[in-house]
Amino acid sequence: MPELPEVETIRRKLEPYLLGRRLDRVEIADPRLVRPFEPHAVAAELEGERVSALERRGKYLVVRFESGRALLVHLRMTGSLRHAARGALHDDGYRRAVVNLDDGSDVAYRDVRRFGTWLLLEPDELEPYLAPKVGVEPLERSFNARWLAQRLQGRRAPLKAALLDQRTVAGLGNIYVDEALWRAQIHPLRPAESLDADEIARLTRAVKEALKAGIRRQGASLRDYATPDGGRGSMQDRFRVYGRAGEPCRRCGTPIDKIRAAGRGTWYCPTCQRLAT
Ligand SMILES: [Zn+2]
């Protein structure tokens, strides 16, 4: 599913198309997208809103309107957004919503698995909604070794599980957790509380580096992820460990191993990332 680098790529590409635009007409075809609210009611509320900013928090896209309201979009497993001239995008049966902008272009939302969500929030609702769900942004200065040490302290859960928790690091998912742990040379099943100061410093840097690498390559296109102009990311060709079981470690040549951790497929190098210290 799209993680921070994919959502950030979408944000950057969509921003110039959305800034200052008014939502003329909104069609929400799938009630699951906005439940428990009525699709027609949400669409009617969105019509006439003008976009003042497009932001990202963790894996959420935040469409801010001049009215102070915000539309919080989460793509979950297979959601994607496309932008094109009106009528240029074709409905393949997985289209869940279309927004007509006042410049004659459209933004279409497609979602095969239908886990994605759109939530329209009033001006004072955004921060209270996000605060308990999403921790600090890993590419900001506030994400540092001290923050990470605090978040891992006293947690016996495997590191992999602790890092997938959005309150630990906003926007990390299965791919970039594995990539960061390989860069930091730390085993995914190490108890979160067992890391020493040096390992936490390495992991802090590794998280930032893994995410930046993903953004540079415009994300990883494994299944449904595409950029708003229909392009693909190329991070999947540069993975250090993710999905590379049996292939040689790019650092030491040892075949990459795959295990399950936190209920997820997890890839690591048995030589570079030892469980016992
Ligand atoms: Zn290795």
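This text follows the structure it describes.
Residues numbered from 1 in each chain as written. Predicted model: local features only at pLDDT ≥ 70, side-chain atom pairs only at ≥ 80, totals over all residues. Heavy atoms only, no water.

*Asks:* What should I look at first to understand the overall build of the chain in this one?
*Replies:* Broken down by element type, the chain carries 7 helices and 10 strands. Taken over C-alpha atoms, the radius of gyration comes to 20 Å for the chain, in line with the 19 Å a tight globule of 277 residues would show. Pairs at least 24 residues apart make up 62% of the contacts formed inside the chain by residues separated by at least 6 positions. Surface accessibility of the chain: about 12,700 Å² in total, with carbon and sulfur atoms responsible for 47%. Positive and negative charge centroids in the chain, built from 49 and 38 side chains respectively, lie 7 Å apart. (Helix = DSSP H or I, 4+ residues; strand = E, 2+ residues; numbered from the N terminus. Rg over C-alpha atoms; globule rule 2.2 N^0.38 Å. Contact = heavy atoms within 4.5 Å. Areas by Shrake-Rupley, 256 points an atom, 1.4 Å probe, with all protein chains shown as cover. Lys, Arg positive; Asp, Glu negative; His and termini not counted. Charge placed at Lys NZ, Arg CZ, Asp CG, Glu CD.)

*Asks:* Please explain the sheet that holds strand β1 (residues 23–28) as it appears in this structure.
*Replies:* Sheets are built from strands that pair by backbone hydrogen bonding, the pairs being arranged parallel or antiparallel. Within the open sheet, the 4 strands sit side by side as β1-β6-β7-β5. Their pairing is antiparallel. Looking at which strands have only one partner, the edges of the open sheet turn out to be β1 and β5 (79–85). Each strand of the sheet is rotated relative to its neighbour by a mean of 15°, with strand direction disregarded. The sheet contact formed by β1 and strand β6 (residues 95–101) spans 5 bridges and is antiparallel. (Pairing = 2+ DSSP bridges. Axes fitted to C-alpha atoms, helices over the stretch in contact; angles between N-to-C directions.)

*Asks:* What is the right way to read helix α4 (residues 145–152) from this model?
*Replies:* Because each turn of an α-helix spans 3.6 residues, side chains separated by three or four positions end up pointing in the same direction. Those residues of α4 not exposed but buried are Trp147, Leu148 and Leu152. Within α4, the buried residues cover an arc of 125° as seen down the axis, which keeps them to one side. Of the exposed residues in α4, the ones pointing more than 90 degrees away from its buried face are Arg146 and Gln150. Buried positions along α4 lie against α5 (159–164) and α7 (197–216). Downstream of α4 by a residue or two, Gly154 has a phi angle that is positive, lying close to 75°. (Buried < 20%, exposed > 50% of the residue type's maximum accessible area, 1.4 Å probe, protein only. Arc of directions from axis to C-beta.)

*Asks:* For this particular structure, what's the right way to read the environment of Arg22?
*Replies:* For Arg22, the location among the structural elements is in the loop between α1 (4–18) and β1. A C-alpha to C-alpha distance of 7.9 Å links Arg22 and Glu47, two positions 25 residues apart in sequence. Residues within four places of Arg22 in sequence aside, it is in contact with Gly48, Glu49, Arg50, Asn100, Leu101 and Asp102. At a separation of 2.8 Å, a polar atom in the side chain of Arg22 contacts the side chain of Asp24. (Polar contact = N/O pair within 3.5 Å; in protein donor to acceptor, adjacent residues only side chain to side chain.)

*Asks:* Would you mind showing me how to read the coordination of the zinc ion here?
*Replies:* Ideal values differ by geometry: the angle at a metal is 109.5 degrees with four tetrahedral donors, but 90 or 180 degrees with six octahedral donors. Cys249 (SG), Cys252 (SG), Cys269 (SG) and Cys272 (SG) make up the full set of protein donors to the zinc ion, lying at 2.2 to 2.4 Å. Here the zinc ion binds 4 donor atoms, and the angle range of 101 to 113° at the metal identifies the geometry as tetrahedral. Counting gaps between the donor residues of the zinc ion yields the pattern C-x2-C-x16-C-x2-C. On the criterion of sequence distance, the pair formed by Cys249 in the loop between α7 and β9 (257–261) and Cys272 in the segment after β10 (264–268) is long-range, its members being 23 residues apart. (Donors = N, O, S within 2.8 Å, 3.2 Å for Na, K, Ca; no water. Tetrahedral: all angles 85-135°; square planar, octahedral: opposite > 155°, others 65-115°.)

*Asks:* Sorry if this is basic, but what is going on with a positive patch on the surface here?
*Replies:* On the surface, Lys212, Arg216, Arg217, Arg238 and Arg250 cluster together to form a positively charged patch. Its location among the elements puts Arg250 in the loop between α7 and β9. (Patch = residues over 30% accessible without salt bridge, like charges linked within 9 Å, V, L, I, M, F, W, Y side chains within 5 Å. Salt bridge = Lys/Arg side-chain N within 4 Å of Asp/Glu carboxyl O.)

*Asks:* How should the packing of helix α6 (residues 174–184) against α7 be read in this particular structure?
*Replies:* The description of two packed helices rests on the angle between their axes and on the distance between the axes. The contact between α6 and α7 brings their axes to 8 Å, and the two run at 130°. Classed by the angle they form, the pair α6 and α7 counts as oblique. As for the relative orientation of α6 and α7, their crossing is right-handed in sense. Along its contact with α6, which presents Tyr176, Glu179, Ala180, Leu181, Arg183 and Ala184, the element α7 presents Arg202, Leu203, Ala206, Val207, Glu209, Ala210, Leu211, Ala213 and Gly214. (Parallel < 35°, antiparallel > 145°, perpendicular 65-115°, else oblique. Left-handed = near helix turned anticlockwise from the far one by under 90°.)

*Asks:* Teacher, can you tell me more about the sheet that holds strand β3 (residues 60–65) here?
*Replies:* With respect to topology, 4 strands assemble into an open sheet ordered β2-β3-β4-β8, the strand pairing being antiparallel. Of all strands in the sheet, those with a lone pairing partner are β2 (51–57) and β8 (117–121), marking the two edges. Here the strands of the sheet are splayed against their neighbours by 20° on average, with no regard to which way each runs. Two strands pair when backbone bridges link them, and strand β4 (residues 70–74) and β8 are joined in this way by 5 bridges, in the antiparallel orientation. By the bridge assignment for β8, His74 is matched with Thr117. Sheet strands in contact with α1 are β2 and β3, and its direction is about 175° off that of β2.

*Asks:* Would you mind showing me how to read the nonpolar core here?
*Replies:* Nonpolar side chains in soluble globular proteins generally cluster together in the buried interior. One finds Leu148, Leu159, Leu163, Leu172, Leu203 and Val207 to be the most contacted residues of the largest nonpolar core, which totals 40 residues. Among the elements of the structure, α4, α5, α6 and α7 are those that each provide at least two residues to this core. Leu33, Val34, Val107 and Tyr225 belong to the second largest nonpolar core, which has 29 residues in total. (Core = buried A, V, L, I, M, F, W, Y, C linked by side-chain atoms within 4.5 Å.)

*Asks:* Mind showing me how you'd approach α7 here?
*Replies:* Spanning 20 residues, α7 covers 29 Å between terminal C-alpha atoms, matching the ideal 28 Å at 1.5 Å per step. Residues of α7 that are buried: Glu199, Ile200, Leu203, Thr204, Ala206, Val207, Lys208, Ala210, Leu211, Ala213, Gly214 and Ile215. Where α7 is buried, its residues meet α1, α4, α5 and α6. One side-chain oxygen of the residue at the start of α7 lies 3.1 Å from the amide nitrogen of Asp198, identifying that residue as Asp196. (Expected span 1.5 Å × (residues − 1).)

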